[in-house]
Amino acid sequence: ASADLSVTANNVANVSTAGFKSSRAQFADVFSIGAQGIGNGVRIASVNQQFEQGGIDFTDNALDLAISGQGFFTLSDNGSLVYTRAGAFGVDREGFVVNSKNQRLQIYPPTGTGTFNTGSLTDLRLTTTDSAPQATGLVEMTVNLPAGAALPSSFTQSTSMTVYDSLGSAHTSTYYFVKGAVPGAWDVHTYIDGNAVGGANALSYTSAGLLSAPAGGLITLPAYDPANGAAPMNLTVDLGDSTQFGGPFGVNALTQDGYAAGRLASIDINPEGVVFARFTNGRSTELGKVVLSNFPNPQGLRQLGDSNWSESFSSGDAIRGEAGS
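The rules behind each value
Residues numbered from 1 in each chain as written. Predicted model: local features only at pLDDT ≥ 70, side-chain atom pairs only at ≥ 80, totals over all residues. Heavy atoms only, no water. Pairing = 2+ DSSP bridges. Helix = DSSP H or I, 4+ residues; strand = E, 2+ residues; numbered from the N terminus. Patch = residues over 30% accessible without salt bridge, like charges linked within 9 Å, V, L, I, M, F, W, Y side chains within 5 Å. Areas by Shrake-Rupley, 256 points an atom, 1.4 Å probe, with all protein chains shown as cover. Salt bridge = Lys/Arg side-chain N within 4 Å of Asp/Glu carboxyl O. Buried < 20%, exposed > 50% of the residue type's maximum accessible area, 1.4 Å probe, protein only. Axes fitted to C-alpha atoms, helices over the stretch in contact; angles between N-to-C directions.

## Considering the pairing of strand E9 (residues 138-144)
Turning to step 1, where the next piece is worked out: Bridge count between E9 and strand E17 (residues 236-238): three bridges; the pairing is parallel. When the sheet's bridge partners are listed, Val-139 is paired in E17 with Val-237.
Turning to step 2, where the next piece is worked out: Here E9 runs beside strand E18 (residues 250-256); their pairing, made up of six bridges, is antiparallel. Bridging from a neighbouring strand, Asn-144 pairs with Gly-250 of E18.

Written out as structure tokens, the structure is:
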């Protein structure tokens with residue numbers, strides 16, 4: 001009875017401990033070896049851990065995790081693997097994601113092709129470098145040029161957008177549309193930071209208002225040197241979805257594929273356990289996928305304290321997996 005009360009008291013004491021699993025005392029009767037077969041009382045046969053699903057609390061820490069279902073987080077304790085259901089994590093001074101005991105959360109590393117190397121475990125470390133810029137290579141414009149526009153003295157309509165060089169510096173590119181004397185004929189002139197990039201590029205539209213030339217709607221501009229140490233900018237303008245209808249001039253879409261350098265803005269972890277670093281330039285990088293481990297007999301795990309367990313002969317070998325598997 002005293003041992004049973006101790007087990008109950010330990011359960012009550014840890015009612016607010018994240019990742020704690022309660023235990024239950026199991027008793028067995030004691031028989032002596034003799035002819036009478038008279039029992040000698042009762043003893044504790046075992047104290048079994050109960051791995052039922054616990055409650056999930058919401059926090060303001062983006063690195064706090066919880067497991068809904070079976071499995072354990074996998075941690076490295078100076079190279080030795082331990083397992084826990086407690087998902088309160090933070091960052092140490094070296095950028096590693098750790099718990100309060102400085103044990104490092106384990107992930108599957110990214111392969112660089114959108115998948116993860118599930119045959120290897122590594123520490124989750126938050127990146128502290130900037131996201132590299134990307135020079136604009138493709139500009140896509142969906143515009144409508146007014147079929148009834150009068151012949152201009154300079155240009156008929158214009159639109160502008162921001163493009164980026166190889167250093168991530170922003171430049172303003174402006175596109176001037178000039179109606180031609182022949183029905184359906186237009187010219188487009190491109191300027192970057194007020195400097196002409198090539199000459200006039202001819203556009204031709206059918207009687208239905210659809211672009212017929214250039215083929216595919218692609219205009220390849222000559223290289224433009226931004227004169228700031230960046231590589232020459234090589235832009236291709238896609239006007240394939242542009243039209244010449246009777247309505248007014250309209251810009252329906254302007255997109256380009258470049259972006260500036262970015263600093264780390266936040267860390268997100270999705271329900272599949274994929275860890276993303278999000279940057280101020282709108283880009284995101286996959287840092288890894290959280291490793292989950294399970295065991296043929298979780299009740300056989302050896303308790304270490306601090307909400308940790310280790311593998312034992314009774315638990316069986318760890319079965320590695322991931323969220324949802």
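Okay, back to it.
## Focus on a nonpolar patch on the surface
Turning to step 1, where the next piece is worked out: A grouping of Phe-27, Val-42, Ile-44 and Val-47 is seen on the molecular surface, where their side chains present a nonpolar patch of about 350 Å² in accessible area.
Turning to step 2, where the next piece is worked out: Residue contributions to the nonpolar patch peak at three residues, all from strand E2 (residues 39-49).
Turning to step 3, where the next piece is worked out: Locating Phe-27 in the fold gives a position in strand E1 (residues 23-31).
Turning to step 4, where the next piece is worked out: With relative accessibility at 40%, the residue Phe-27 sits in the partly exposed group.

## Notes on the sheet that holds E17
Turning to step 1, where the next piece is worked out: With mixed pairing, four strands are arranged side by side in an open sheet as E16-E17-E9-E18. Among the strands making up the open sheet, the edge pair consists of strand E16 (218-220) and E18. Averaged over all pairs of adjacent strands, the angle between their axes in this sheet comes to 20 degrees, without regard to strand direction.

## Let's talk about the pairing of strand E3 (residues 72-77)
Turning to step 1, where the next piece is worked out: Burial analysis of E3 places five of its six residues in the buried class, the great majority of the element.
Turning to step 2, where the next piece is worked out: Across two bridges, the pairing between E3 and strand E22 (residues 292-294) is antiparallel. Residue pairing in the sheet places Phe-73 in a bridge with Leu-292 of E22.
Turning to step 3, where the next piece is worked out: Pairing analysis gives five bridges linking E3 to strand E4 (residues 80-84), with the strands arranged antiparallel. Paired with Asp-77 across the bridge in E4 is Ser-80.
Turning to step 4, where the next piece is worked out: Of the pairings in the sheet, the one linking E3 to strand E7 (residues 104-108) comprises two bridges and is antiparallel in character. The residue of E7 that forms the bridge with Ser-76 is Arg-104.

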